[in-house]
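# Breakdown of the fold
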Amino acid sequence: MGFGNLLTADRDGVRTITVNRPDKLNALDRQTIAELQIAFDQARHDDAVRVVVLTGAGEKAFVAGADIAEFSSLTPLQAVSFAQAGQRMTCSIERLGKPVIARLGGYALGGGLELAMACHLRIASTRARIGQPEINLGLIPGFGGTQRLARLAGRAAALELCLLGAPIDAARALALGVVNRVVEPEALDAEVEATAAQLAAAAPHALAGILDTVLAAGDLGSDDGLAYEAKAFGLCFSTADAREGTAAFLERRKPRFTGG
Ligand code: COA
């Protein structure tokens, strides 16, 4: 289907989804949230999609937050439902079962950082500015920011970003573990493409197993987590890709994973 606020493009197993409201720094209004939900549902069900790259149109912003103009007039109940829609959409990304890379070329603020944190890898340019500035609006994060930031970077970082509300630069975000890699702006696309290509060539069932078990680590105690991992490890042995990967190693050749 065609989207009003998103662009999508496919290449070699990589689907790029672009939030396309550059005149509003790609702020997330209700329509954009609903379209992201649909776009990620489509990516989930399309076997040809191995990896998703999520980015924002223009060089200024990934996403500068939820759309303040739209949400400023919400009633409390409407605000709950708005937050829940954002949380459903970000949970869909986190639980996609395929790796999602956030390409952070500029501002990733508020709902933008929350969106990026639902992705599995975050690659930022030195121009990125990252933060949870909701406190400056008299608000708190509502699309999972308090929870994901604390799990991703720890309570100290979550409290600093959410309480003080000041954006941090990419180097500090890297030091805190909020982003995975930082590169110069002109190297950003190549870095994202190379990472996406590596993931697109990997065994999809093993990728899904890693995503599933690492995410479960946030919810399970250590014994349950280890038991879960052992079963997921065993399940890999039902795949043609695991046979191919191990055979290729023993035969000293490069593996060719087909998704079987
Ligand atoms: N919601 C709605 N509109 C937004 C927005 C948001 N989160 N962020 C930016 N915009 C809009 C601006 O209103 C402006 O629209 P206009 O041209 O129709 O007036 C346009 O995007 C460009 O933004 P502008 O503020 O002029 O750019 P800037 O370079 O001066 O500042 C930011 C950039 C990111 C510092 C600033 O836009 C900002 O603080 N945005 C809000 C960030 C935020 O609080 N996010 C969390 C929301 S919960």
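Located above this text is the structure these notes cover.
Residues numbered from 1 in each chain as written. Predicted model: local features only at pLDDT ≥ 70, side-chain atom pairs only at ≥ 80, totals over all residues. Heavy atoms only, no water.

### With respect to the nonpolar core
With 47 residues, the main nonpolar core has Leu36, Leu54, Leu104 and Ile130 as its most contacted residues. Formed by twelve residues, the second largest nonpolar core is a distinct cluster that contains Val51, Ile101, Ile123 and Leu207. (Core = buried A, V, L, I, M, F, W, Y, C linked by side-chain atoms within 4.5 Å. Buried < 20%, exposed > 50% of the residue type's maximum accessible area, 1.4 Å probe, protein only.)

### Digging into the site of the ligand
Surrounding the ligand, one finds 16 residues, the nearest of these being Lys24, Lys60, Ala64, Ala66 and Ile68. Take lysine 24: an N or O atom from its side chain is 2.5 Å from an oxygen atom of the ligand. Contact between the ligand and alanine 64: a nitrogen atom at 2.9 Å from a main-chain N or O atom of the residue. Here the ligand has 870 Å² of accessible area as a free molecule, and 59% of this is covered by the chains. (Near = heavy atom within 4 Å. Polar contact = N/O pair within 3.5 Å; in protein donor to acceptor, adjacent residues only side chain to side chain. Areas by Shrake-Rupley, 256 points an atom, 1.4 Å probe, with all protein chains shown as cover.)

### Comments concerning the sheet that holds strand S3 (residues 51-56)
If you trace the six strands from one edge of the open sheet to the other, you get S1-S2-S3-S5-S7-S10, paired in mixed fashion. Every interior strand has two partners, whereas the edge strands, strand S1 (6-11) and strand S10 (181-183), have only one. Across the sheet, the axes of successive neighbouring strands diverge by a mean angle of 20°, strand direction being ignored. Bridge count between strand S7 (residues 121-125) and S10: three bridges; the pairing is parallel. Paired with isoleucine 123 across the two strands is arginine 181, which belongs to S10. On the sheet, helix H1 (residues 30-45) packs against S1, strand S2 (14-19), S3 and strand S5 (100-104) and is oriented at approximately 180° with respect to S2. (Pairing = 2+ DSSP bridges. Helix = DSSP H or I, 4+ residues; strand = E, 2+ residues; numbered from the N terminus. Axes fitted to C-alpha atoms, helices over the stretch in contact; angles between N-to-C directions. Contact = heavy atoms within 4.5 Å.)

### A short note on the environment of isoleucine 135
With respect to the helices, strands and loops of the structure, isoleucine 135 is situated in the loop between strand S8 (129-131) and helix H5 (145-153). Residues in contact with isoleucine 135, not counting those within four places in the same chain, are Cys162, Leu163, Leu164 and Gly165.

### What to know about a nonpolar patch on the surface
Taken together, Ile68, Leu137 and Leu139 make up a surface patch of nonpolar side chains, about 250 Å² in accessible area. Summarising the element assignment, leucine 137 is placed in the loop between S8 and H5. (Patch = residues over 30% accessible without salt bridge, like charges linked within 9 Å, V, L, I, M, F, W, Y side chains within 5 Å. Salt bridge = Lys/Arg side-chain N within 4 Å of Asp/Glu carboxyl O.)

### Structural notes on the side chain of arginine 148
You can see arginine 148 is positioned in helix H5. For arginine 148, a relative accessible area of 11% corresponds to the buried category. Looking at arginine 148, its side chain comes within polar contact range of the side chain of glutamate 94, at 2.9 Å. Non-local contacts of arginine 148, meaning those with residues more than four positions away in its chain, are made with Thr90, Cys91, Glu94, Met117, Ala118 and Phe143.

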